[in-house]
Every structure is written in structure tokens, then in C-alpha cells.
Amino acid sequence: AYTRTWSVEQAMDQVSDDICEVMLAAWSFWPFINVFNFMVVVGVWKVLVDSIAGTIWGTYLCWVLHRPQSRSLDVPLSARKSHRSNLSVLTDKSMQTDASMQKLAGD
């Protein structure tokens with residue numbers, strides 16, 4: 001993520017956004033590949049199966065890195081410091097809006 005000319009904070013945000021999804025995908029993908037490879041595939045073909053699986057996995061990781069980032073809070077990655085700060089700003093704004101609505105209703 002850091003190679004996209006982001007700051008270290010932006011790269012860490014990207015990693016923290018995607019780590020759970022990528023870990024779950026890895027735990028769903030690699031055990032089955034390895035069981036298949038060690039129980040079914042014979043001899044020198046094991047390297048080919050691992051290479052094909054690695055290519056598929058690398059493609060998935062590239063897709064995760066390069067997909068649109070506006071899916072979280074509809075804020076571009078370049079415009080945010082972290083999810084937590086944006087979430088607190090959004091929460092503060094909604095609280096202010098609620099307080100304004102209550103004030104209007106009371107008047």
C-alpha cells in the first residue's frame with residue numbers, strides 16, 4: 001500500500017481496513033489448496049499447483065489493494081486520516097443535528 005505514494009498513516013489505514021477480510025480469505029483459500037496439493041497431486045505437479053494458486057492469490061491481493069476506496073464512510077482515502085477520526089466527526093455532526101432538531105422542536 002505504501003508504494004502508491006501514500007503517507008505512512010494512509011498505508012496503515014489501508015492495511016487496517018483490509019486485514020480482516022484478507023486474513024479470512026487466506027484461511028478459506030490456502031488450507032484447501034494445500035490439502036488438495038498434498039493428497040491428490042503427485043510429484044513435480046505440486047509446484048505447478050502452488051504456482052497457479054499463488055497467481056490467483058496475488059491477483060486477489062492486487063484487486064483488494066486497487067478497488068475503489070470510497071466504500072467506507074463514502075470518503076476518499078486521500079481525504080481521510082483514519083476511520084476512527086472520520087467516524088467521530090460524523091457522530092459529532094449527527095449529535096449536533098439531533099440537538100438542533102430538539103432545540104427547534106422545543107421552540
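Residues numbered from 1 in each chain as written. Predicted model: local features only at pLDDT ≥ 70, side-chain atom pairs only at ≥ 80, totals over all residues. Heavy atoms only, no water.

Notes on the nonpolar core
- Formed by Val-22, Ala-25, Ala-26, Trp-57 and Val-64, the largest nonpolar core amounts to five residues.
- Secondary structure elements with two or more residues in this core: α1 (8-39) and α2 (45-66).
- If one sorts the elements of this core by residue count, α1 sits on top with three residues. (Core = buried A, V, L, I, M, F, W, Y, C linked by side-chain atoms within 4.5 Å. Buried < 20%, exposed > 50% of the residue type's maximum accessible area, 1.4 Å probe, protein only. Helix = DSSP H or I, 4+ residues; strand = E, 2+ residues; numbered from the N terminus.)

Digging into the confidence of the model for the protein
- Residues of the protein with pLDDT of at least 70 account for 58%, and the chain-wide mean is 74.
- The element-level mean pLDDT for the protein is lowest in helix α3 (residues 83-106), coming to 54, with α2 highest at 93.
- Considering only residues more than four positions removed or in separate chains, one finds that residues 72-76, a stretch of pLDDT under 50, has ten contacts. (pLDDT = per-residue confidence, 0-100. Contact = heavy atoms within 4.5 Å.)

Details of a nonpolar patch on the surface
- On the surface, Val-42, Val-44, Trp-45, Leu-48, Ile-52 and Ile-56 cluster together to form a nonpolar patch covering roughly 640 Å² of accessible area.
- Along the polypeptide, Ile-56 turns up in helix α2. (Patch = residues over 30% accessible without salt bridge, like charges linked within 9 Å, V, L, I, M, F, W, Y side chains within 5 Å. Areas by Shrake-Rupley, 256 points an atom, 1.4 Å probe, with all protein chains shown as cover. Salt bridge = Lys/Arg side-chain N within 4 Å of Asp/Glu carboxyl O.)

A short note on the side chain of Asn-37
- As for its placement among the helices and strands, Asn-37 is situated in helix α1.
- Of the polar contacts made by the side chain of Asn-37, one reaches the backbone oxygen of Lys-46; its length is 3.4 Å.
- Among the polar contacts listed, one links the side chain of Asn-37 to the side chain of Asp-50, at a separation of 3.4 Å.
- In this structure, Asn-37 is in contact with Lys-46, Val-49 and Asp-50, ignoring residues within four places of it in sequence. (Polar contact = N/O pair within 3.5 Å; in protein donor to acceptor, adjacent residues only side chain to side chain.)

Structural notes on α1
- Asp-18 marks where α1 bends most, by close to 45°.
- Regarding α1, the residues found buried are Gln-10, Ala-11, Asp-13, Gln-14, Asp-17, Asp-18, Val-22, Ala-25, Ala-26, Ile-33 and Asn-37. (Bend = angle between axes of the 7 residues up to and from the residue.)

Section: the environment of Arg-67
- Note that Arg-67 resides in the loop between α2 and α3.
- Relative accessible area serves as the criterion here: at 11%, Arg-67 is assigned to the buried category.
- Apart from residues lying up to four places away in sequence, Arg-67 is in contact with Asp-18 and Glu-21.
- Polar contacts involving the side chain of Arg-67 include one to the side chain of Glu-21, which spans 2.6 Å.

Here's the deal with the packing of α1 against α2
- Here α1 crosses α2 at 165°, and the two axes come no closer than 11 Å. By the criterion of interaxial angle, the relationship of α1 to α2 is roughly antiparallel. α1 and α2 meet at a crossing whose hand is right-handed.
- Along the lines of polarity and charge, the residues of the contact of α1 with α2 split into 17 nonpolar, four polar and four charged. (Axes fitted to C-alpha atoms, helices over the stretch in contact; angles between N-to-C directions. Parallel < 35°, antiparallel > 145°, perpendicular 65-115°, else oblique. Left-handed = near helix turned anticlockwise from the far one by under 90°. Nonpolar A, V, L, I, M, F, W, Y, C, P; charged D, E, K, R; others polar.)

What about the side chain of Asp-18?
- Within the fold, Asp-18 resides in helix α1.
- For Asp-18, a relative accessible area of 6% translates into the label buried.

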